[in-house]
Amino acid sequence: MIAEAFQKVFGSRPEVVVRAPGRVNLIGEHTDYNNGFVLPAAIDRYIWFAGRKRADRRVRAHALDFADVVEFSLDTVERDSQHPWSNFLRGVSKYLEEAGHRLQGADLVFGGDVPREAVLSSSAAVEVGAVAFWGKLLDLRLDPVVAIKLARRAENEFVGVPSGIMDQFISALGREHRALFLDCRDLKYRHVPLKGDVKIVVCNSGVKRALAHSEYKVRVAQCREAVEQLRKMGMEIDSLRDVRMGDLIMRGKNLDKLLFKRVSHVVTENDRVREAVKVLEQGDLKYFGKLMNDSHKSLRDDYEVSSRELDVLVEIAQRQPGVFGARMTGAGFGGCTVNLVQRDSTETFNKAIQEGFQKTLGLHAEVYVFEASGGALTTGATKA
């Protein structure tokens, strides 16, 4: 489809086609900015790029999902407030050049089916897809982790959106039927099998995350304050990742009550991620589901980032046959839940969510059914 769209716009077949997937985090929420552990999976929804080289240094980009087009020079890459979607491409191009890769102009078309505003990282897929596109088009030799850092830099510094590195990491290095265990401190990672005939099901509450941005900043500040207080109590730590629950109970007695709850979530969530890796490698989906359920309780009660809508979706899900586990995913205060569901139960699960959410809150939930997919830098690209 993307090759056909390119031909329709530019009148010829593209030289290269690449794609980058969205992602969902299975467990490990609000741990990334505390140098902790996460366990995301790439999903089988993608942002696709198709393009060809030009003889000059200009880029002509068509965004199919926005029915919009921009043109810019690689000699002067600047932010574009009129076409903000193009800033992801501009940022990647700018930082590739700064890294010593002399780019050539290109005609390109991109678009896909990663749902926007559903906490599935369509923006990271655009950034990683852009890196993969330039790499394949111009035969650039890009170290995967360096490429991931560059994509994140485009989002943080050029687009101006604060984020951890998880989204770009999994979009680049996901693998089919596997999750990715990532240490956010040293960026060591390994792939973890998702054994069994299961689907990853995401339920979108449809509630805009109005508080997510401001409360995210509050949680980050609270975690930093907790680190400072714990240091004053004699704990030698660089981040909350270094705290163990036993030490927190023994030595954090004078910690502010609210901060104690925040630290408790981060510490136990890191423990849950490490335990999740073990049980998934053993093929124990039932126990993994329990860890997902416990994660939601912690996010709801200790980190206090859930919402009535998310709690209802989780409660409905946990009552359904064939459901291993359910929890909120993302920053919180609206957005989505993630559920691990037996394949042959997905249809009845979808119906139960739709009916239960409507009956309880009078709201409609979007339900997406995914499988774990390969990343942009693990599956390669195709010459068209």
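The sections below set out a description of the structure shown in this document. Predicted, not measured: the structure shown is a model, and the values here were computed from it.

Our focus in this paragraph is the nonpolar core. When a protein is soluble and globular, its nonpolar side chains tend to lie buried together. By size, the foremost hydrophobic cluster in this structure holds 86 residues, and its most contacted members are Leu39, Phe49, Trp134, Ile200 and Phe288. Element by element, the count of residues in this core is highest for helix 3 (residues 122-137), at nine residues. Residue contacts for Phe288: discarding those within four places in its chain leaves Leu26, Ile27, Leu39, Ala276, Val279, Leu280 and Leu340. By size, the runner-up hydrophobic cluster in this structure holds 20 residues, among which are Leu255, Leu259, Val305 and Leu310.

Further remarks concern the packing of helix 4 (residues 144-159) against helix 5 (residues 166-173). Packed helices, taken two at a time, are described by the angle their axes make and the gap between the axes. With their axes 9 Å apart at the nearest point, helix 4 and helix 5 run at an angle of 135° to one another. By the criterion of interaxial angle, the relationship of helix 4 to helix 5 is oblique. Judged by the twist between their axes, the crossing of helix 4 over helix 5 is right-handed. Two secondary-structure elements touch here, helix 4 through Pro144, Val145, Ile148, Ala151, Arg152 and Glu155 and helix 5 through Gln168, Phe169, Ala172 and Leu173. Of the residues that constitute the contact of helix 4 with helix 5, the class distribution is seven nonpolar, one polar and two charged.

What follows covers a negative patch on the surface. Together, Asp44, Asp65, Asp113 and Glu176 make up a negatively charged patch on the protein surface. Looking at the secondary structure, you find Asp44 in strand 2 (residues 37-53).

Let us look at the sheet that holds strand 9 (residues 323-329). Judged by pairing direction, the sheet is antiparallel, and its four strands sit side by side in the order 9-10-8-11 without closing on themselves. Edge positions in the open sheet fall to strand 9 and strand 11 (366-370), since each of these has one partner strand only. Across the sheet, the axes of successive neighbouring strands diverge by a mean angle of 20°, strand direction being ignored. Across six bridges, strand 9 lies against strand 10 (residues 336-342) in antiparallel orientation. Residue pairing across strands places Met328 opposite Thr337, the latter belonging to strand 10. Sheet contacts for helix 9 (residues 285-301): strand 8 (198-204), strand 9 and strand 10; angle to strand 9, the most-contacted strand, approximately 30°. Against the sheet, helix 10 (residues 308-318) contacts strand 8, strand 9 and strand 10, and its axis sits at roughly 175° relative to strand 9.

Before going further, it helps to spend a moment on unusual backbone geometry. Not every positive phi belongs to a glycine, and Asn35 is a case in point at roughly 60°. For Asn35, the location among the structural elements is in the loop between strand 1 (16-27) and strand 2. One non-glycine residue with positive phi stands out, namely Phe333, at about 60°. Take Phe333: it is sitting in the loop between strand 9 and strand 10. The class of Phe333 is buried, set by a relative accessible area of 15%.

Parameters at a glance
Residues numbered from 1 in each chain as written. Predicted model: local features only at pLDDT ≥ 70, side-chain atom pairs only at ≥ 80, totals over all residues. Heavy atoms only, no water. Core = buried A, V, L, I, M, F, W, Y, C linked by side-chain atoms within 4.5 Å. Buried < 20%, exposed > 50% of the residue type's maximum accessible area, 1.4 Å probe, protein only. Helix = DSSP H or I, 4+ residues; strand = E, 2+ residues; numbered from the N terminus. Contact = heavy atoms within 4.5 Å. Axes fitted to C-alpha atoms, helices over the stretch in contact; angles between N-to-C directions. Parallel < 35°, antiparallel > 145°, perpendicular 65-115°, else oblique. Left-handed = near helix turned anticlockwise from the far one by under 90°. Nonpolar A, V, L, I, M, F, W, Y, C, P; charged D, E, K, R; others polar. Patch = residues over 30% accessible without salt bridge, like charges linked within 9 Å, V, L, I, M, F, W, Y side chains within 5 Å. Areas by Shrake-Rupley, 256 points an atom, 1.4 Å probe, with all protein chains shown as cover. Salt bridge = Lys/Arg side-chain N within 4 Å of Asp/Glu carboxyl O. Lys, Arg positive; Asp, Glu negative; His and termini not counted. Charge placed at Lys NZ, Arg CZ, Asp CG, Glu CD. Pairing = 2+ DSSP bridges.

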